[in-house]
Amino acid sequence: MINFIVESHDGQHIPISVPEGISLNLMEVLKASDYDILATCGGMALCATCMVQVLKGGQQLASALDQELDMLDRMPASDDKSRLSCQIAVNEQLEGCVFKIAG
Amino acid sequence: MITTDIGIIGAGPAGLFAVFEAGLLKMHCHLIDSLPQVGGQLSEIYPQKPIYDIPGYPTVNAQQLADKLMEQTAPFHPGFTLGERVETLQKLADGTWLISTSEGTEINCKVVVIAGGLGCFEPRKPEVDRLAEFEGKGVSYAVRNPEQFRGRHVVLAGGGDSALDWSIFLADIAERVTLVHRGDTFRGSPDAAEKVFELAKIGKIDLYLKTRVVSLDGAGHLEALCLVGPEGQSIINAEHFVPLFGLSPKLGPIENWGLAIDKSAIEVNTTDYSTNIEGIYAIGDINIYPGKLKLILCGFHEAALMAQSAFKYVYPDQRLTFKYTTVYGITELQQ
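A. Here's a closer look at the interface of chain A and chain B. With 16 residues of chain A in contact, the opposing surface of chain B contributes 19 residues. Taking both partners together, chain A and chain B bury about 1,600 Å²; carbon and sulfur atoms supply 55% of that area. The largest contributions to the chain A side of the interface with chain B come from D73, R74 and P76 of chain A, which together make up 40% of the buried area. Linking chain A with chain B are two salt bridges, by the criterion used here. Where R182 of chain B meets D73 of chain A, a salt bridge forms, and the shortest distance between an N and an O atom there is 3.8 Å. Between the two partners, chain A and chain B, sit four residue pairs in polar contact (both at pLDDT 80 or more). Its residues assigned to classes, the side of chain A that touches chain B shows nine nonpolar, three polar and four charged.

B. Just helix α2 (residues 66-74) of chain A, in detail. Those residues of α2 of chain A lying buried are E68, L69, D70, M71, L72 and D73 of chain A. Looking at the buried side of α2 of chain A, the elements it contacts are β3 (51-56) and β4 (82-84) of chain A.

C. Quick look at the pairing of strand β2 (residues 29-33) of chain B. With five of its five residues buried, β2 of chain B lies for the most part within the structure. Going residue by residue along β2 of chain B, you find C29, L31 and D33 of chain B tucked away on one face and H30 and I32 of chain B tucked away on the opposite face as well.

D. Representation of unusual backbone geometry. Residue and element names in this part refer to chain A. Even without glycine at this site, A45 takes up a positive phi of about 60°. Phi is positive for A48, which is not a glycine, with a value near 60°. Mapped onto the secondary structure, A48 falls in the loop between α1 (26-32) and β3. Residue classification places A48 among the buried positions, given a relative accessible area of 9%.

Rules behind the numbers
- Residues numbered from 1 in each chain as written.
- Chains lettered and ligands numbered in written order.
- Predicted model: local features only at pLDDT ≥ 70, side-chain atom pairs only at ≥ 80, totals over all residues.
- Heavy atoms only, no water.
- Contact = heavy atoms within 4.5 Å.
- Buried area = accessible area lost by both parts, 1.4 Å probe.
- Salt bridge = Lys/Arg side-chain N within 4 Å of Asp/Glu carboxyl O.
- Polar contact = N/O pair within 3.5 Å; in protein donor to acceptor, adjacent residues only side chain to side chain.
- Nonpolar A, V, L, I, M, F, W, Y, C, P; charged D, E, K, R; others polar.
- Buried < 20%, exposed > 50% of the residue type's maximum accessible area, 1.4 Å probe, protein only.
- Helix = DSSP H or I, 4+ residues; strand = E, 2+ residues; numbered from the N terminus.

Keep in mind that these numbers describe shape and distance, not what the molecule does.
In structure tokens form, the structure reads like this:
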């Protein structure tokens, strides 16, 4: 299992475990875990409604590609820790990471 | 006032195909969209992306699909009101509907079809103190008329291509252009970024990197902006502030029409995609029902069933008989 943590709006750390080899991105996992994210564009890095802050483990994730970086540049409130969860593939790199859903 | 049989809110793929299905049954349509062009998400969000799940097209570019749908609706001469947001919907004494837009356009129709996709695309607003107070008084979220900035000092904020492109364009019109960006790189559009850095070097654009606009000031009209950057706080005087952070979809006024809504989507009866209000239908990404899939092809199916059902409001005295286009062809609708 891949284990990572989602920090809720009130600061609680909620562990999530996902089986290895699952072909999902983080946005899909968060939605399936009933987190309140819109993800209106469905995962094309176009709406930024699935933005997260990577509080821990950002450097172990695969780097963002141009389209994601462009969208993050466009957001009024994003910083070095911001990522679009739809562009983060769920795999072993997520082990131990801490994410916070933006907004 | 515009009079038609069906008023369609949203000119995306579902709305456009509804024109075709309605046209086969001799019903006239008028489409209203908050975007300045037809096609909805196809044209606005991903025009150059391929789509692989349109039956009969192994692959089709989004914009190409929008163009083809327009071609398909042509024999039915739909009307268009573009760049205007639908604000109110009112039931009249004779049982017809009156749709009113943000620009005051009125459409009288027998049936309303909401094909609003994700909702209206509204500008993303940054968190800036007193921003709302100066909207229309120096703050705008789009450059509609560049000439209004002639001889003025305009501050743009954002790091996307529109912030870069407008900075370059306005550098020749405005008395002074300031671009504020919270990062120190522009990763999406390297060519435009290079041009902006060049213009900054020769003093045609004031570039503030790693900086945010935090508050606005002025008496009645915008006069000054407070920025926070690596060297702390600074105040700059300017008459115009244009935050350019892209568009984000919102359900908007539709929420207040008494429709049954679940998670920003309109609940429908899957027999005919009617809503809880008689004479109002919802098709495409904006509706929700058990098993709903947000696919263009599902929107097409919903449009077909909707048209068969809407017929009774447009031609209450006629009996509808189902006909195949292959047998009867397509009869152009009189304008």
